Amino acid sequence: MSIALAQWLMSDAPTSRRQAVLGNVYRGVRSILANPTAFVGLVIVAVLVLLAVFAPWFAMGKSPLDQDLAGRLASPSAAHWFGTDELGRDIFTRTLYGARVTLTIVLLVSVVVAPVGLAVGTLAGYLGGWVDIVLMRITDIFLAFPRLVLALAFAAALGPGIENAVIAISLTAWPPYARIARSETMTIARSDFIQAVVLQGASTWRILFRHIVPLCLSSVIVRLTLDMAGIILTAAGLGFLGLGAQPPTAEWGAMVSSGRDVILDQWWVATIPGLAIFIVSLGFNLLGDGLRDVFDPKSA
């Protein structure tokens, strides 16, 4: 990057909206790269995305569904880097394709819970009164149950499958975002610039969507990044219990479940997908901690 472009992005007096937006993005990226915790987490998440997108290339043409009963439960070797499972399927290949399933679940849940939590929290915090009471009591009902237990109940009622697992996790994951958005909204709504916008005749919806929601996004994004590890663990738990992805789909929780009967003799069957869950969850936690340090003005 040229010095002139860097100075243009770092300008304290931007001359256009585009310069201001690009400057904020550039400062955020620099802050993340300068934060060791966020950088390590970002690398782990980036590797996950690369493995998921290019899984067929990394698997060298192998299919996660190919069976070889003659080579079942083979130990790690040059032919099978992570060994094979009880049906002779290559665990390395299935772990790669399992990253696709995990990333899909995380993205779908994120697309659902963040907007729902923002909508509920901002409406409750800005409108107040009976709207706040009703929305927050509904939120409290969902928070009163342990997330995994509630997700198991919804998944059992909806039936097994990835789509139903996403719905079950989404139904249990949105309340914390609503609480965060409500707290941020109640603080922002008392700001002088919001009062000035109100005096200018702006509608409630314009104030919410143009002024309050953008200011709540950073806190919600940090919370979402920290929560992704919990989403992965919940999805793996549902898969482990047979309520998530169904055979023969390669999913890390289901792979751990299939290897629990042979874990003492053929440890690699359950250990490899378990390590994948651990590393990816750690990556999202590190990235979330780093983002919190970057976006938190008190830390700065």
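Attention in this report is confined to the structure presented alongside it. (Residues numbered from 1 in each chain as written. Predicted model: local features only at pLDDT ≥ 70, side-chain atom pairs only at ≥ 80, totals over all residues. Heavy atoms only, no water.)

A few points about the overall build of the protein
Check the secondary structure of the protein and you find 13 helices and zero strands. The order of helices and strands in the protein, counted from the N terminus, is α-α-α-α-α-α-α-α-α-α-α-α-α. With the principal axes as the frame, the protein shows a C-alpha extent of 75 × 55 × 30 Å. For the protein, the residues scored as buried account for 42% of the 300 residues in total. A total accessible area of about 15,700 Å² is found for the protein, and carbon and sulfur atoms account for 68% of it. (Helix = DSSP H or I, 4+ residues; strand = E, 2+ residues; numbered from the N terminus. Buried < 20%, exposed > 50% of the residue type's maximum accessible area, 1.4 Å probe, protein only. Areas by Shrake-Rupley, 256 points an atom, 1.4 Å probe, with all protein chains shown as cover.)

A look at helix α5 (residues 91-127)
With 37 residues, α5 should cover 54 Å at 1.5 Å per step; its first-to-last C-alpha distance of 53 Å lies within 8% of that length. Downstream of α5 by one or two residues, G128 has phi in the positive range, about 65°. (Expected span 1.5 Å × (residues − 1).)

A few points about empty space enclosed by the protein
If you walk through the whole model with that rule in mind, you get two cavities of 30 Å³ or more. Its volume calculated, the largest cavity comes out at about 40 Å³. What lines the largest cavity is T102, I232, A235, A236, E251, W252, G253 and I277. The leading source of residues in the lining of the largest cavity is helix α11 (residues 204-240), at three residues. Split by residue class, the lining of the largest cavity holds five nonpolar, two polar and one charged. Approximately 30 Å³ is the volume attributed to the second largest cavity. (1 Å grid on protein atoms, 1.4 Å probe; cavity = no way out; pocket = protein on both sides within 12 Å on 5 of 7 lines; lining within 4 Å. Points joined across faces, edges and corners; volume = space filled by probe spheres on them. Nonpolar A, V, L, I, M, F, W, Y, C, P; charged D, E, K, R; others polar.)

Details of the pattern of salt bridges
As enumerated under the stated definition, the model contains seven salt bridges in all. The closest approach of N and O atoms between D85 and R89, which form a salt bridge, is 2.8 Å. When its relative accessible area of 4% is taken as the criterion, D85 is described as buried. Of the charged contacts, one joins R137 and D140 as a salt bridge, the two residues approaching to 2.9 Å between their closest N and O atoms. With R137 and D140 both in helix α6 (residues 129-143) and three residues apart, this pair spans about one turn of that helix. (Salt bridge = Lys/Arg side-chain N within 4 Å of Asp/Glu carboxyl O.)

Some remarks on the packing of α5 against helix α8 (residues 162-173)
Axis separation between α5 and α8 bottoms out at 9 Å; the angle between their running directions is 45°. What the angle tells us is that α5 and α8 run oblique. Note on packing geometry: the crossing formed by α5 with α8 is right-handed. For the pair formed by α5 and α8, the contact residues are V101, I105, L108, V109, V112 and V113 on the first element and I162, V166, I169, S170 and A173 on the second. A class-by-class count of the residues in the contact of α5 with α8 yields 10 nonpolar, one polar and no charged. (Axes fitted to C-alpha atoms, helices over the stretch in contact; angles between N-to-C directions. Parallel < 35°, antiparallel > 145°, perpendicular 65-115°, else oblique. Left-handed = near helix turned anticlockwise from the far one by under 90°. Contact = heavy atoms within 4.5 Å.)

Brief notes about the layout of surface pockets
Size it by volume and the largest pocket reaches roughly 390 Å³. Looking at the lining of the largest pocket, the elements that each hand over two or more residues are α2 (17-34) and α13 (268-295). If you tally residues by element for the lining of the largest pocket, the top one is α2, at eight residues. Broken down by class, the residue content of the lining of the largest pocket amounts to six nonpolar, three polar and one charged.

So, unusual backbone geometry
A cis amide bond, omega 5°, links P247 with the succeeding residue P248. Along the chain, P248 turns up in the loop between α11 and α12 (252-259). Despite not being glycine, M60 shows a phi value in the positive range, around 55°. Looking at where M60 falls in the secondary structure, it is placed in the loop between α4 (55-58) and α5. In this structure, L73 is a non-glycine residue whose phi angle is positive, near 55°. Tracing the sequence through the fold places L73 in the loop between α4 and α5.

Thoughts on the packing of α5 against α6
For the pair α5 and α6, the least separation of the axes is 7 Å and the interaxial angle reads 145°. You can see that α5 and α6 cross each other, and the crossing is left-handed. Facing V120, L123, A124 and L127 of α5, the residues of α6 in contact are G129, V131, D132, L135, M136 and T139. The residue inventory of the contact of α5 with α6, partitioned by class, reads seven nonpolar, two polar and one charged.

Structural notes on the environment of V111
Within the secondary structure, V111 sits in helix α5. A C-alpha to C-alpha distance of 21 Å links V111 and L243, two positions 132 residues apart in sequence.

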